[in-house]
Structure formats: structure tokens, C-alpha cells
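# Topology and contacts: notes
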Amino acid sequence: MEQSRPANTPYDLVGGMPAVRQIVDRFYDLLEQNPDYAALRALHALDLAPMRGSLSGFLAAWLGGPRDWFSENPGKCMMSAHRNVTMSAETGSQWAKAMACAIADSTIEPELGAKMSGALGDLARSMAGRT
Ligand code: HEM
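Now for a quick tour of the structure.

Criteria and cut-off values
- Residues numbered from 1 in each chain as written.
- Predicted model: local features only at pLDDT ≥ 70, side-chain atom pairs only at ≥ 80, totals over all residues.
- Heavy atoms only, no water.
- Near = heavy atom within 4 Å.
- Polar contact = N/O pair within 3.5 Å; in protein donor to acceptor, adjacent residues only side chain to side chain.
- 1 Å grid on protein atoms, 1.4 Å probe; cavity = no way out; pocket = protein on both sides within 12 Å on 5 of 7 lines; lining within 4 Å.
- Sits in = over half its atoms within 2 Å of the grid points.
- Helix = DSSP H or I, 4+ residues; strand = E, 2+ residues; numbered from the N terminus.
- Nonpolar A, V, L, I, M, F, W, Y, C, P; charged D, E, K, R; others polar.
- Points joined across faces, edges and corners; volume = space filled by probe spheres on them.
- Salt bridge = Lys/Arg side-chain N within 4 Å of Asp/Glu carboxyl O.
- Buried < 20%, exposed > 50% of the residue type's maximum accessible area, 1.4 Å probe, protein only.
- Donors = N, O, S within 2.8 Å, 3.2 Å for Na, K, Ca; no water.

Turning next to the site of the ligand. Around the ligand sit 22 residues in total, of which Ala45, Ser54, Lys76, His82 and Ala124 are the nearest. Backbone polar atom of alanine 45 to an oxygen atom of the ligand: 2.9 Å apart, as the coordinates give it. Lysine 76 is positioned with one of its side-chain polar atoms (N or O) 2.5 Å from an oxygen atom of the ligand. When each cavity is represented as a set of grid points, the ligand is found to reside in the largest pocket. Those elements giving two or more residues to the shell around the ligand turn out to be helix H3 (38–43), helix H4 (49–62), helix H6 (78–81), helix H7 (89–104) and helix H8 (110–128). Class assignment of the residues belonging to the shell around the ligand gives a composition of 16 nonpolar, 5 polar and 1 charged.

As C-alpha cells, then:
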């Protein structure tokens, strides 16, 4: 059962899990279909279904929604989740661009979507820049 949590979090404002799932599905569809993201796609496993679930769970918690991803992945954080991923400025920027496109294609209110894209883009670029 979902624990009680504050109302009107960004998670609620974007439209909850259906909206998060819509963005994540579009993000991985873009990776699969658009050659602009070939380098980023190549870093991932052939089957993207587990990532569709995991990124949705992470983003739900990141937006202030249900924290199941953290209870299911005790001790895991964004840095440890990517310990074995070789990132570059190119793949960091592909991640940020694909996520911005996925959000822009979603039903999220545009001003909120722009804030979400900005924050996630900064996160992706700073993670990629650490190498
Ligand atoms: C900086 C550029 C990034 C690259 C190149 C990248 C790449 C990857 C790769 C290759 C995987 C493993 C995929 C697989 O096993 O198929 C992964 C896992 C994951 N990534 Fe990223 N990622 C990036 C940024 C991000 C950001 C910004 C977030 C969150 C906002 C994120 C969330 C996740 C999550 C939740 C997982 C799954 C962890 C797990 O379930 O163990 N990634 N990423």
C-alpha cells in the first residue's frame, strides 16, 4: 500500500504514474527509433523493458511520488546505478535531448515540463561530466 505523502508534489502536478510512464516510454521509443541517439542506445541492454520500469519508478520518486524504487533498490543511487556505464559528453547530451523531446511530446503542462527538462538535463550533463 502506498505510504501517505505530501499532496501537490511535482508528481501529482505532472499527472502521476500515467504521465511518468508516457514520458519514459517515449524516451526509450526515441532511443530505439531515432539514429540521433544511437550512441546512447548502444550502451543499453537489448531488452529495454526493465529500464522502462526502473526509470519510471526512479522518476516517480524523484518527483516526490511513491518511493517504491528506493525501497526495492536499497542503497542504490544515481551514481551507483551507473557505476559500470561509460559516459561521455556525447551520451550525456543525447540523454538530456531525448528526455527533453519525450517531455515536450507528453501531455504535461509546458511550463512544468520545461522545468523538469531543465533539471534532468542538468543532472545528465553533470553525471556525464564526472568522468
Ligand atoms: C548521463 C547520461 C546517462 C547515460 C549515458 C545513462 C545510461 C544508462 C545505462 C547504460 C544504464 C543501464 C541500462 C541497462 O542495463 O540496459 C542506465 C541505468 C539507469 N539509468 Fe541512466 N544514464 C544516464 C543518465 C541518467 C539519468 C539522468 C537518470 C535519472 C534521472 C538515469 C536513470 C537510470 C536508472 C533509474 C537506471 C536503472 C538502474 C537500475 O535499475 O539498476 N540515467 N543508465
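By volume, the largest pocket is sized at about 640 Å³. Lining the largest pocket are 29 residues, and of these Tyr28, His44, Met51, His82 and Trp95 lie nearest its centre. Of all the elements in the fold, those that place two or more residues in the lining of the largest pocket are H3, H4, H6, H7 and H8. In terms of residue count, the dominant contributor to the lining of the largest pocket is H4 (6 residues). By residue class, the composition of the lining of the largest pocket is 21 nonpolar, 6 polar and 2 charged.

This next bit is on the pattern of salt bridges. This structure, assessed with the given rule, holds 7 salt bridges. Its salt-bridge partner being aspartate 29, residue arginine 52 comes within 2.9 Å of it at the nearest N-O pair. Here the residue arginine 52 occupies a position in helix H4, and aspartate 29 occupies one in helix H2 (residues 16–33), the gap between them amounting to 23 residues. The buried category is assigned to arginine 52, whose relative accessible area is 12%.

The subject of this paragraph is the coordination of the iron atom of the ligand. What the protein offers the iron atom of the ligand as a donor is a single atom, His82 (NE2), at 2.0 Å. Turning to its location among the elements, histidine 82 is positioned in the loop between H6 and H7.

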